Amino acid sequence: MKLYHAAASPYARKARITLREANILELVEEIEVAPWTDPKGYRDITPLGKVPALARDDGPNLFQSVVICEYLASKNSQINLYPIGSELRWSNLRQIAAADGVLDALVGIRVEKLFHETEMQSKEFIQRQELTVLKSLDLIEENVMELEGPISAGQIAIAASLGYIDFRFSENNWRMSRPNLSKWFEAFSQRDSMKDTVPE
Ligand SMILES: N[C@@H](CCC(=O)N[C@@H](CS)C(=O)NCC(=O)O)C(=O)O
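Thresholds applied
- Residues numbered from 1 in each chain as written.
- Predicted model: local features only at pLDDT ≥ 70, side-chain atom pairs only at ≥ 80, totals over all residues.
- Heavy atoms only, no water.
- Pairing = 2+ DSSP bridges.
- Helix = DSSP H or I, 4+ residues; strand = E, 2+ residues; numbered from the N terminus.
- Contact = heavy atoms within 4.5 Å.
- Axes fitted to C-alpha atoms, helices over the stretch in contact; angles between N-to-C directions.
- Domains from an automatic or database assignment.
- Buried area = accessible area lost by both parts, 1.4 Å probe.
- Polar contact = N/O pair within 3.5 Å; in protein donor to acceptor, adjacent residues only side chain to side chain.
- Nonpolar A, V, L, I, M, F, W, Y, C, P; charged D, E, K, R; others polar.
- Core = buried A, V, L, I, M, F, W, Y, C linked by side-chain atoms within 4.5 Å.
- Buried < 20%, exposed > 50% of the residue type's maximum accessible area, 1.4 Å probe, protein only.
- Salt bridge = Lys/Arg side-chain N within 4 Å of Asp/Glu carboxyl O.
- Right-handed = clockwise from strand over helix to strand, strands pointing away.
- Near = heavy atom within 4 Å.
- Areas by Shrake-Rupley, 256 points an atom, 1.4 Å probe, with all protein chains shown as cover.
- Parallel < 35°, antiparallel > 145°, perpendicular 65-115°, else oblique.

Once that is clear, we can look at the sheet that holds strand S4 (residues 62-63). Ordered by their spatial adjacency, 4 strands build an open sheet running S2-S1-S3-S4, and the pairing between neighbours is mixed. The outermost strands of the open sheet, each flanked by one partner alone, are strand S2 (29-32) and S4. As paired strands, strand S1 (residues 2-5) and strand S3 (residues 53-55) are joined by 3 bridges and run antiparallel to one another. Note that in S3 the partner of Tyr4 across the bridge is Ala53. Strands in contact with helix H1 (residues 10-21) are S1 and S2; relative to S1, the strand with the most contacts, it is inclined by about 145°.

Given below as structure tokens:
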């Protein structure tokens, strides 16, 4: 299999952490691409033109990190990153949804700032996305006890989102009012899968 990624992409990082935590690194070749340059042929791999994308050996390509992560996790039945007990399942999916919502908002802000001169940027749009980040992180902090227990896809998604804040929005002092999440992230960041995928 081939996993297309960019070292700075938090969505791709989720997939790269997943393949390490699922212990299937030997099944996957990681290929770095620069999606914004629209590399030749990349739209044939994924119509979205985004990272991550996964070229499978046993079926059609996959795109969207949420799908790729679940597929990669399914490759090792010994390690269960998607808990199945009813509330545990919803809690895991809710964590993924909140973490991806944070990423969508942050990437939206970044794109707005990169693509538009300051005077052309929509302050209203940026403020809306900032509120999304703030509220989602508050929710995660309130429910931080749900992050205890065996490694899960929800934990991976949240860690990738927090890592992205530190990487691209280092002025965001998210730890200040979220001491429990901060402590959890510090411990989670010690995992080899996290150290091995630090964004560049
Ligand atoms: N919803 C997608 C988002 C992926 C995404 O936006 N990736 C960015 C890099 S962080 C990208 O490839 N952007 C290129 C583009 O939007 O054309 C996912 O979860 O995989």
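Many descriptions give the size of an interface as the accessible area lost when the pieces come together. Split by domain assignment, the protein chain resolves into domain 1 (2-73) and domain 2 (86-191). Each of domain 1 and domain 2 has a C-alpha centre, and these two points are 21 Å apart. Listed by partner, the interface residues are 10 residues for domain 1 and 16 residues for domain 2. When domain 1 packs against domain 2, close to 1,100 Å² is buried across both sides, 72% of that on carbon and sulfur atoms. It is Tyr11, Lys14 and Glu21 in domain 1 that bury the most area against domain 2; as a group they hold 43% of the surface buried on that side. Here domain 1 is connected to domain 2 by 4 residue pairs in polar contact (both at pLDDT 80 or more). Across the side of domain 1 that touches domain 2, the residue classes break down as 6 nonpolar, 1 polar and 3 charged.

For the rest of this paragraph, the subject is the nonpolar core. One finds Leu72, Leu162, Leu181 and Trp184 to be the most contacted residues of the largest nonpolar core, which totals 48 residues. Where this core is concerned, the elements lending two or more residues are H1, helix H3 (65-73), helix H4 (86-115), helix H5 (123-142), helix H6 (153-168) and helix H7 (179-188). Both domain 1 (2-73) and domain 2 (86-191) contribute no fewer than three residues apiece to this core. In contact with Leu181, not counting residues within four places along its chain, are Leu137, Ile140, Glu141, Val144, Leu147, Ile158, Leu162 and Trp174.

Here we come to the pattern of salt bridges. The full count for this structure, using the stated rule, is 10 salt bridges. For the salt bridge of Asp100 with Lys14, the shortest nitrogen-to-oxygen distance reads 2.7 Å. Highlighted residues: Asp100 in helix H4 and Lys14 in helix H1, separated in sequence by 86 residues. Take Asp100: its relative accessible area is 13%, and that puts it in the buried class. Salt bridges here are not isolated pairs; linked through shared partners, they connect Arg16, Arg20, Glu30 and Asp196.

Inspection of the sheet shows S1 paired to S2 by 4 bridges, in the parallel sense. Among the inter-strand pairings, Leu3 is bridged to a residue of S2, identified as Glu30. As for the winding sense of the linkage, the β-α-β connection from S1 through H1 to S2 is right-handed.

Another point: the site of the ligand. All residues in the neighbourhood of the ligand are listed as Ser9, Pro10, Tyr11, Pro35, Trp36, Lys50, Val51, Pro52, Gln64 and Ser65. A distance of 2.6 Å is found between an oxygen atom of the ligand and a side-chain nitrogen or oxygen belonging to Ser65. Summarising the interface, the protein chains cover 83% of the accessible area of the ligand, which totals 510 Å² for the free molecule.

Another point: the packing of H5 against H7. It is the contact of H5 with H7, at a shortest axis distance of 8 Å, that shows an interaxial angle of 80°. As the angle between them shows, H5 and H7 are arranged roughly perpendicular. Across the interface between the two elements, Leu137, Ile140 and Glu141 of H5 pack against Pro179, Asn180 and Leu181 of H7. When grouped by side-chain class, the residues that make up the contact of H5 with H7 number 4 nonpolar, 1 polar and 1 charged.

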